[in-house]
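In case you want the letters, here they are:
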Amino acid sequence: MRVPRLFALETVAPIIAVGAIDLAAAAGWSSPRPARQVIELTGIAFQPPSLTVSVGDTVVWLNRDLVPHTATVKGGWDTGSIAVGDSARFVPKKAGQWQYACTYHPTMKALLVVQ
């Protein structure tokens, strides 16, 4: 005796796949989308002075101060000079903590934590 086919495999497979993706996202198994995190340079300070981001996020330093600045890790990454009204970007590729400072204003310090 032949059992009738109710659904063709081509029709059911995509529905199952989409359902599995939705289930994974609902369970928190999917990767979050990278975010854009902004640090303002104002009043000879980094605002916020400490920021936690995720690997792959874009960190943007926006200079709203009256003088140029940098965001520099000694022996590590360096944004270069950020002119007044300009910005610099950094996308961390690995987790870690970086204490950074402005090379023009050594007392201007902040912390970037990447998870």
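Below, the structure is looked at part by part. Each chain carries its own residue numbering, running from 1 in the direction its sequence is written. Local features in a predicted model are, by the rule used here, given only for residues with pLDDT of at least 70; side-chain atom pairs are given and counted only at 80 or more, and totals for whole chains, interfaces and linings are based on all residues. By convention in this description, side-chain values take in all heavy atoms of the structure and omit both hydrogens and water.

## As for the side chain of Asn63
Working step 1: The numbering of helices and of strands both runs from the N terminus, where a helix is a DSSP run of H or I of at least 4 residues and a strand a run of E of at least 2. Mapping Asn63 onto the fold places it in strand 4 (residues 58-63).
Working step 2: Under the scheme applied here, a residue whose accessible area is under 20% of the maximum for its type counts as buried, over 50% as exposed, and between as partly exposed, the area being computed with a 1.4 Å probe on protein chains only. Judged by relative accessible area, which is 1%, Asn63 ranks as buried.
Working step 3: At 2.8 Å, the side chain of Asn63 forms a polar contact with the backbone nitrogen of Asp65.
Working step 4: The contact criterion used throughout is that any non-hydrogen atoms of two residues lie within 4.5 Å. Dropping the residues within four chain positions of it, Asn63 is found in contact with Leu41, Pro68, His69, Ile82, Ala83, Val84, Gly85 and Asp86. Here a polar contact is recorded for every N or O atom pair within 3.5 Å, except that within protein the pair must consist of a potential hydrogen donor and a potential acceptor, and residues adjacent in sequence are included only if both atoms are side-chain atoms.

## Comments concerning unusual backbone geometry
Working step 1: Residue Pro48 follows Gln47 across a cis peptide bond; omega there is 5°.
Working step 2: Tracing the chain through its elements places Pro48 in the loop between strand 2 (46-47) and strand 3 (50-53).
Working step 3: Positive phi values are uncommon outside glycine, yet Ile44 reaches one of about 55°.
Working step 4: On the basis of relative accessible area, Ile44 is assigned to the partly exposed category, the value being 36%.

## Describing the sheet that holds strand 2
Working step 1: The pairing criterion is simple: DSSP has to find at least two bridges between the two strands. With mixed pairing, the four strands of this open sheet are ordered in space as 2-1-4-5. Across the chains shown, the open sheet's two edge strands, defined by having one partner strand only, are strand 2 and strand 5 (87-90).
Working step 2: In this structure, strand 1 (residues 36-41) lies alongside strand 4, joined through six bridges in parallel fashion. The partner of Gln37 across the bridge, within strand 4, is Val59.

## A word on the sheet that holds strand 6 (residues 96-101)
The pairing of strands in a sheet happens through backbone hydrogen bonds and is either parallel or antiparallel.
Working step 1: One open sheet holds the three strands; their spatial order is 3-7-6, and the pairing between them is mixed. On the outer flanks of this sheet lie strand 3 and strand 6, each paired with one strand and no other. Each adjacent strand pair in this sheet contributes to an overall mean axis angle of 20°, direction not counted. A fitted line through C-alpha atoms serves as each axis, taken over the contacting stretch for helices, and the angle formed by two N-to-C directions is quoted from 0 to 180°.

## Examining the nonpolar core
Working step 1: Buried residues of nine kinds, namely Ala, Val, Leu, Ile, Met, Phe, Trp, Tyr and Cys, make up a nonpolar core once their side-chain atoms join them within 4.5 Å. With 20 residues, the main nonpolar core has Ile39, Phe46, Trp61, Trp77, Tyr100 and Leu112 as its most contacted residues.
Working step 2: For this core, the secondary-structure elements that each account for two or more residues are strand 1, strand 3, strand 4, strand 5, strand 6 and strand 7 (109-114).
Working step 3: Residue contributions to this core peak at three residues, all from strand 7.
Working step 4: Leave out the neighbours within four places in its chain, and Trp77 touches Trp61, Ala71, Thr72, Phe90, Trp98, Tyr100 and Leu112.

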